[in-house]
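So you can see what is in the structure, the chains are spelled out below.
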Amino acid sequence: MASFTNFATLQYQGRSVHSNTVTGEILETLSAAKTAAAESYRPGEDLSYVLSLLNSGDTALSGLTVTDDLGAYEYEGTTVTPLQLVEGSLRLFVNGVLQAAPAVTAGPPMTVTGLTVPAGGNLMLVYEALPTAFAPPTADGSIRNTATVTGPGLAVPVTASAEVPAAQEAALSVRKALSPAEVLPGGELSYSFTLENSGNSPMLTSENAVLQDTFDPILSGISVALDGTPWTAGVNYSYAQATGEFATLPGQLAVPAASYTQNPDGSWTLTPGSVTLTITGTLQS
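Within any chain, residue numbers begin from 1 and follow the written order of that chain's sequence. Residue-level local features of this predicted model are given only where pLDDT is at least 70; pairs of side-chain atoms are given and counted only at 80 or more, and the full residue set underlies all totals for whole chains, interfaces and linings. The basis for every side-chain value is the complete set of heavy atoms in the structure, and neither hydrogens nor water enter the calculation.

Caption draft 1: Region of the structure containing the sheet that holds strand β7 (residues 61-68). Across the sheet, which stays open at both edges, the five strands sit in the order β13-β14-β7-β16-β17 with antiparallel pairing between neighbours. Strands with a single pairing partner mark the edges of an open sheet, and in this sheet they are β13 (103-105) and β17 (158-165). Strand-to-strand, the axes of this sheet are offset by a mean angle of 20°, without reference to chain direction. Two strands pair under a simple rule: DSSP has to find at least two bridges between them. Here a helix means four or more residues in a row that DSSP labels H or I, a strand means two or more in a row labelled E, and each is numbered from the N terminus. Summarising the sheet, β13 and strand β14 (residues 110-117) pair through three bridges and their orientation is antiparallel. Within β14, the position partnered with Val104 by the bridge is Val112. Here the axes come from fitting lines to C-alpha atoms, over the contacting stretch only for helices, and the angles between their N-to-C directions go from 0 to 180 degrees.

Spelled out as structure tokens, the structure:
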């Protein structure tokens, strides 16, 4: 629905007189709604969107074009796009019935042309988009993308938007290394476990993460340290020397959140948060 205002001007004897201003509204027969299937987004995971068009009039609306900005935003004078259309994902439904794929340009922006919404009917576009390097990964990040419908029979463009926040979570990985790679029976060996967090939230001790391993060959007389700080058996970890089974105790591990930097071109660089657990012992002969 769009509103308009105007007034008249009477000119006489070198003078001008304005009438009162009148306001009216153009009632659009087409309405649009856009929704995202996911509550949040993660790097590397597709987002599904649904754009619904409803024609409340008694005449079909043909020749329509849908343009989706894919979340484009301005950064230091440049337009960057945090989403890209997944090729082949676009599906068209008219009154709930799947139709042949329409003409689509991936963009950005994504453009779909030649659409018709039947009188008293509805049209639905379903498509998937993948977050790009320009998608904000920070805890307060979000992607807001807007679809705009234009074409004959529409007095003004019809728009619909959907906003999805970045997932606020830890994303952990663990990397194991040993030193030295070659050791004699009875020699000293060290295992290191680097826990990395590429998420925008820390992993807290209250989450009771546990790291487990079984050393084969078995280590004896082990010493354990987290980022160089010595740990105590029975307080921070448990170790069964008879079997080689090692485990950190609940509430001992915490990994800081990743840090992020937005580059001059608008893309983001991630530096994982990390901690390293080192276990040193002697190989049982």
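What follows picks up the thread again.
Caption draft 2: Examining the sheet that holds strand β22 (residues 229-230) more closely. The five strands lie next to each other as β18-β19-β27-β21-β22, forming an open sheet whose pairing is antiparallel. The outermost strands of the open sheet, each flanked by one partner alone, are β18 (172-179) and β22. Across two bridges, strand β21 (residues 219-226) lies against β22 in antiparallel orientation. If you follow Ala225 over to β22, its bridge partner there is Pro230.

Caption draft 3: Broad picture of the pairing of β17. Side-chain alternation along β17 places Val158, Ala160, Ala162 and Val164 on a buried face and Thr159, Ser161, Glu163 and Pro165 on a face that remains uncovered. Bridge count between strand β16 (residues 142-150) and β17: eight bridges; the pairing is antiparallel. Residue pairing in the sheet places Asn145 in a bridge with Ala162 of β17. Between buried and exposed lies partly exposed: a residue is buried under 20% and exposed over 50% of the maximum accessible area for its type, with that area taken using a 1.4 Å probe on protein chains only.

Caption draft 4: Spatial organisation of the packing of aromatic side chains. The pairing test for Phe, Tyr and Trp rings, Trp by its six-membered ring, is centres within 6.5 Å, and the orientation test on the planes gives stacked under 30 degrees, edge-to-face over 60, and tilted for anything in between. Evaluated as defined, the whole model comprises five aromatic pairs. Chaining the aromatic ring pairs together yields one cluster made of Tyr191, Phe215, Tyr237, Tyr239 and Phe246. In this structure, Lys176 packs its charged tip against the face of Tyr191, placed 4.6 Å from the ring centre. The criterion is that NZ of a Lys, or CZ of an Arg, lies within 6 Å of the ring centre and within 35 degrees of the ring normal, and then a charge sits over that ring.

Caption draft 5: Representation of the nonpolar core. Formed by 33 residues in total, the largest nonpolar core has its most connected members in Leu30, Val66 and Leu125. The contact criterion used throughout is that any non-hydrogen atoms of two residues lie within 4.5 Å. Once you skip the residues sitting within four places of it in the chain, Leu125 turns out to touch Tyr49, Val50, Leu51, Val66, Leu90, Arg91, Leu92, Val112 and Leu115. Nonpolar core, defined: a set of buried Ala, Val, Leu, Ile, Met, Phe, Trp, Tyr and Cys residues in which side-chain atoms within 4.5 Å join the residues together. One finds Phe193, Leu195, Leu211 and Leu219 within the second-largest nonpolar core, a separate group that totals 20 residues.

Caption draft 6: Focus on the layout of surface pockets. Note on definitions: the grid is 1 Å and covers protein atoms alone; a cavity is a set of points where a 1.4 Å probe fits but cannot get out; a pocket is an open set with protein on both sides within 12 Å along at least five of seven lines; lining residues have an atom within 4 Å of a point. Grid points are joined across faces, edges and corners, and a volume is the space filled by probe spheres set on the points. Its boundaries defined by the atoms lining it, the largest pocket holds a volume of some 210 Å³. Lining the largest pocket we find 13 residues, and of these Arg42, Pro43, Glu169, Ser198 and Gly199 sit closest to its centre. In the scheme used here, Gly and all other residues not listed as nonpolar or charged are polar, with Ala, Val, Leu, Ile, Met, Phe, Trp, Tyr, Cys and Pro taken as nonpolar and Asp, Glu, Lys and Arg as charged. Partitioning the lining of the largest pocket into residue classes produces eight nonpolar, three polar and two charged. Estimates place the volume of the second largest pocket at around 170 Å³. Ranked by residues supplied to the lining of the second largest pocket, first place goes to strand β26 (residues 268-271) with three residues.

Note that every value here comes from positions in space, so none of it alone points to a role or purpose.
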